[in-house]
Amino acid sequence: MKLKSLIGAALVAGTLLSGTAMTSMVSASPEPSGWDDNNDKATGSGSDTTYAFMQRAELYMNQAQGCDTDNATPAAAPAAYTLGDCLTGAAQSSVNVNGNWDHDIFTSTYPNGSSAGVKALINGQVDYARSSRGPKSSGESAANFWGFAKDGLIMVTWGNRPAGNLTTAEIKGIYNCSITDWSQIAGQAAGTIEPVGMNASSGTKATFDSYLGFDANSGACKKSLSNGTYPFENDLKQVINDSVINQNNGITWMSRAEYVAWSYKRQTGAAWTVDSKSATAGTIANNSYPITRFIYHVTKKTDATAAAASAEVTGADGGAGGAVRELTEFMCKPAASHGLNDFTGKTNYVELTSVYSVTGFIRVPASEQTNGICKLVPGP
Amino acid sequence: MKPRLIVKSLAGLALVLGVASMAAPAGASTVTVTPNPVTVTPDQTTANVTASWTGLAANTLVFVDICKKSITDATFEVSADCGAYSGITPNGNAAGANSAVLEVFRGQDPAGESWGCFAADDQAPAGVTKYTTCYVRVTDNVVSNNDSDSETAITFSVSSGDVPEAPLTILLPVLGTLAALGGFFLIRRQTVSV
């Protein structure tokens, strides 16, 4: 029997037996869940773009309220180790099911790219993945992509190249090498354009390739770093400090969220308008900016899934998979379903709002939400 | 002057200059919004205004946001008190002073949070907190930078309606009366001449 059901049954029985006023506790009868009373550990890997967000979201999930824990001094034998697990039976008095009942533990590993992270998830090497791109047309059918945020891609120059406007046709022309000199762009002084490529595992590159309609690294004019590799996404330090790339003639693209959130990554980069639109939260939300994307938390379908239009996440009912199911629901449920954070006194919805603000992302607009406050895209 | 005395004098001068520079106010930026009050028609829910700022860091990204709470409020938090969809982030310039067009909203926060900026006589939807004074805040580098931010309060002024309709309501009865009188006198004149 599921843990929450057990708790609910215990509360009902207690009420019937004692006849005391436990009505309010019974009314909080827990839903079916991925909880199993154990402190399960779940690990995620993948995207650089979403690393900072997920680290902070995991912090609030790890801190979220839940069961009363077994705090007795552990016995010597490891097999008997129950420190921190949920108390059971009559010893359990908590009815808080809006946070992290099991006090499961979530950790994001250092970034290694969206595609590598999703592959590791499908291989069973990690429990969830971070992706800054949607599912591929094949090979990822076992995964659910939970869009929890929106972002845009911006075109960036640095050095003394003043930011202006680029049309979509001009961006394509720069990366297919049919536009090779800045004098071909309105208002710009002459200079050979140096379009910088990006590491192939990056979701940010996959999104840009999709926008271009071809591989951004394929043009003969594209530039890589002096060591022959392509730079890691969303970090201008590499290109600004590189000896091969002309500082006044280079151009690249990056996450708008990372650009506004992290000045150390942004360095002296300046954002261009695209098709005369600035990349703002508003133009990304309403899709009037030309290059927008969703940002995803990726799970195995067997661990976390949902019926159409439902905020209730179903799937695994214990272990690391159950933990991932609960993390997914934590990220995708609306404000009213969140509990308080014991350290700040704010709701975890408010805390997550601060995470969006700090990391530069915006929540999925209501018109694009499919499940709770997320947009679920199953791998085809 | 002995070298040791010169060194001491220079050190003293440096100390004085250092203290003087430290004494300068930290958040010396300003922001203005034009027009303000923001004039809107009865059905208008957004309006473009010009936000102009000075005193921000040179060549540093600028953040312009619409907030429900003043930065002077000790509980102000940009993530909770400013609109998530309504801000803009123009590139900075060498002067640290520039202007940009900002679309301000009248009604519920476009991100769907339970607050909004309203004209005095507006009715806020159920569950939405009505603010008749909102704030345009500017800062630089990162949106959470409270060291160099500044703000200006904004309000909405609702115009009485479309301008052409008012004269017509006067002109039409006047013209009608004149036409009737003209017709009356014309008929009377014809009758007399017969």
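Parameters at a glance
Residues numbered from 1 in each chain as written. Chains lettered and ligands numbered in written order. Predicted model: local features only at pLDDT ≥ 70, side-chain atom pairs only at ≥ 80, totals over all residues. Heavy atoms only, no water. Helix = DSSP H or I, 4+ residues; strand = E, 2+ residues; numbered from the N terminus. Buried < 20%, exposed > 50% of the residue type's maximum accessible area, 1.4 Å probe, protein only. Areas by Shrake-Rupley, 256 points an atom, 1.4 Å probe, with all protein chains shown as cover. Core = buried A, V, L, I, M, F, W, Y, C linked by side-chain atoms within 4.5 Å. Phe/Tyr/Trp six-rings, centres within 6.5 Å; stacked < 30°, edge-to-face > 60°. Lys NZ or Arg CZ within 6 Å of the ring centre and 35° of its normal. Pairing = 2+ DSSP bridges. Axes fitted to C-alpha atoms, helices over the stretch in contact; angles between N-to-C directions. Contact = heavy atoms within 4.5 Å. Domains from an automatic or database assignment. Buried area = accessible area lost by both parts, 1.4 Å probe. Disulfide = S-S within 2.5 Å. Salt bridge = Lys/Arg side-chain N within 4 Å of Asp/Glu carboxyl O. pLDDT = per-residue confidence, 0-100. Polar contact = N/O pair within 3.5 Å; in protein donor to acceptor, adjacent residues only side chain to side chain.

A. Quick peek at the overall build of chain B. Check the secondary structure of chain B and you find 3 helices and 11 strands. Written out in order from the N terminus, the α and β elements of chain B read α-β-β-β-β-α-β-β-β-β-β-β-β-α. Within chain B, the proportion of its 194 residues that are buried is 33%. Summing over all exposed atoms, chain B offers an accessible surface of approximately 11300 Å²; the carbon and sulfur share of this is 62%.

B. Looking closely at the nonpolar core. Counting residues in hydrophobic clusters, the biggest one holds 48 residues, and the most contacted among them are A:Met155, A:Ile171, A:Tyr175 and A:Phe208. Judged by nonpolar contacts, the second largest core, of 29 residues, contains A:Ala42, A:Ala304, A:Ala323 and A:Leu327.

C. Region of interest: the packing of aromatic side chains. Residue and element names in this part refer to chain A. Per the counting criterion, the structure on display carries 14 aromatic pairs over all chains. The ring of Tyr259 carries the charged tip of Arg266 above its face, separated from the ring centre by 5.7 Å. Of note, Arg363 hangs over the ring of Tyr349, and the distance from its end group to the ring centre comes to 3.9 Å.

D. Spotlight on the sheet that holds strand S4 (residues 62-67) of chain B. All names here are of chain B. With antiparallel pairing, the 3 strands of this open sheet are ordered in space as S4-S9-S10. Looking at strand neighbours, the two that pair on one side only are S4 and strand S10 (150-154), the edges of this open sheet. The sheet shows a mean angle of 20 degrees between the axes of neighbouring strands, direction not considered. Relative to strand S9 (residues 134-140), S4 runs antiparallel, the two sharing 6 bridges. Of the residues in S9, the one forming a bridge with Ile66 is Val136.

E. Quick peek at helix H6 (residues 203-212) of chain A. Residues and elements named next belong to chain A. Most of H6 is tucked away: 8 of the 10 residues are buried. When we look at burial in H6, the residues that qualify are Gly203, Thr204, Lys205, Thr207, Phe208, Asp209, Tyr211 and Leu212. In the core, the buried residues of H6 are packed alongside helix H4 (114-123), strand S4 (143-157), helix H5 (168-175), strand S7 (250-255), strand S9 (273-274) and strand S10 (292-300). Phi turns positive one or two residues past the end of H6, at Gly213, with a value near 90 degrees.

F. Structural detail: the domain arrangement of chain A. All names here are of chain A. Splitting chain A by domain gives domain 1 (34-71 + 93-150 + 302-378) and domain 2 (152-293). Put simply, the middle of domain 1 and the middle of domain 2, counted by C-alpha atoms, are 31 Å apart. Contact residues are listed per partner, giving 21 residues for domain 1 and 22 residues for domain 2. The contact between domain 1 and domain 2 buries some 1500 Å² in all, and 53% of this surface belongs to carbon and sulfur atoms.

G. The arrangement of the state of the cysteines in detail. Residue and element names in this part refer to chain B. On inspection of all chains with the given rule, the structure shows 5 disulfides over all chains. The disulfide partner of Cys67 is Cys82, and the gap between their sulfur atoms is 2.1 Å. In this structure, the disulfide formed by Cys67 and Cys82 twists by about 90 degrees around the S-S bond and is classed as right-handed. With Cys67 in strand S4 and Cys82 in the loop between helix H2 (78-81) and strand S5 (98-105), this pair connects stretches of sequence that are 15 residues apart. There is no split in this pair, since Cys67 and Cys82 are both buried. The cystine pairing of chain B, numbering bonded cysteines in sequence order, is 1-2, 3-4. By sequence-ordered numbering of the bonded cysteines, chain A has its disulfides arranged as 1-2, 3-4, 5-6.

H. Quick look at the interface of chain A and chain B. Taken together, the contact between chain A and chain B spans 23 residues of the former and 15 residues of the latter. Of the roughly 1300 Å² buried between chain A and chain B on both sides combined, carbon and sulfur atoms contribute 49%. Contact with chain B buries area across many residues of chain A, yet A:Val260, A:Arg266 and A:Ser357 alone supply 27% of it, more than any other trio. Our count for the chain A to chain B interface comes out at 1 salt bridge. With its nearest N and O atoms 2.5 Å apart, the salt bridge here joins A:Lys346 to B:Glu77.

I. Up close: the pairing of S10(B). Residues and elements named next belong to chain B. Only one face of S10 is covered, namely the one carrying Ser150, Thr152 and Ile154; the face carrying Glu151 and Ala153 has none of its residues buried. Bridging between S9 and S10 involves 5 bridges; their strand directions are antiparallel. Its bridge partner lying in S10, Val138 is registered against Ser150.

J. Broad picture of the confidence of the model for chain A. Mean pLDDT over chain A stands at 91; residues scoring 70 or higher make up 92%. Every residue in residues 1-29 of chain A scores below 50 in pLDDT, and together they form 32 contacts with partners more than four places removed in sequence or on other chains.

K. Local environment of the environment of A:Ala279. Among the structural elements, A:Ala279 can be located in the loop between S9 and helix H10 (281-285). The residues contacting A:Ala279, other than those within four sequence positions of it, are A:Ile154, A:Arg256, A:Ile284, A:Tyr289 and B:Thr89.

L. Spatial organisation of the pattern of salt bridges. A complete count under the given rule lists 13 salt bridges over all chains for this structure. Among the salt bridges present, the one from A:Lys205 reaches A:Asp209, with a minimum N-O distance of 2.5 Å. Here the residue A:Lys205 and the residue A:Asp209 both occupy positions in helix H6, the gap between them amounting to 4 residues, near one helical turn. Judged by its relative accessible area of 17%, A:Asp209 falls in the buried class. The salt bridge partner of B:Asp149 is B:Arg137, with a shortest N-O separation of 3.1 Å. With B:Asp149 in the loop between S9 and S10 and B:Arg137 in strand S9, the pair connects residues that are 12 residues apart, well separated along the chain. By relative accessible area, which is 10% here, B:Asp149 ends up buried. One salt-bridge network, in which partners are shared between bridges, spans A:Asp48, A:Glu258 and A:Lys265.

M. Seen up close, the sheet that holds strand S7 (residues 115-117) of chain B. Residue and element names in this part refer to chain B. Across the sheet, which stays open at both edges, the 3 strands sit in the order S6-S7-S8 with mixed pairing between neighbours. Strands at the two margins of the open sheet, each flanked by one partner only, are strand S6 (107-108) and strand S8 (129-131). Sheet topology places S7 next to S8; 3 bridges connect them, and they run parallel. Bridge assignment links Cys117 to a residue of S8, and that residue is Tyr131.

N. How the structure looks around the side chain of B:Thr139. Residue and element names in this part refer to chain B. Looking at the secondary structure, you find Thr139 in strand S9. There is a polar contact of 2.7 Å between the side chain of Thr139 and the backbone oxygen of Asn145. Sequence-distant contacts of Thr139, defined by excluding residues within four places in its chain, comprise Leu56, Leu61, Val62, Phe63, Asn145, Ser148 and Asp149.

O. Spotlight on the side chain of A:Ser114. Examined against the element boundaries, A:Ser114 turns out to sit in helix H4. Those residues in contact with A:Ser114 that sit more than four places away from it in its chain are A:Gly46, A:Ser47, A:Arg130, A:Ser131, A:Ser132, A:Arg133, A:Ser201 and A:Gly203.

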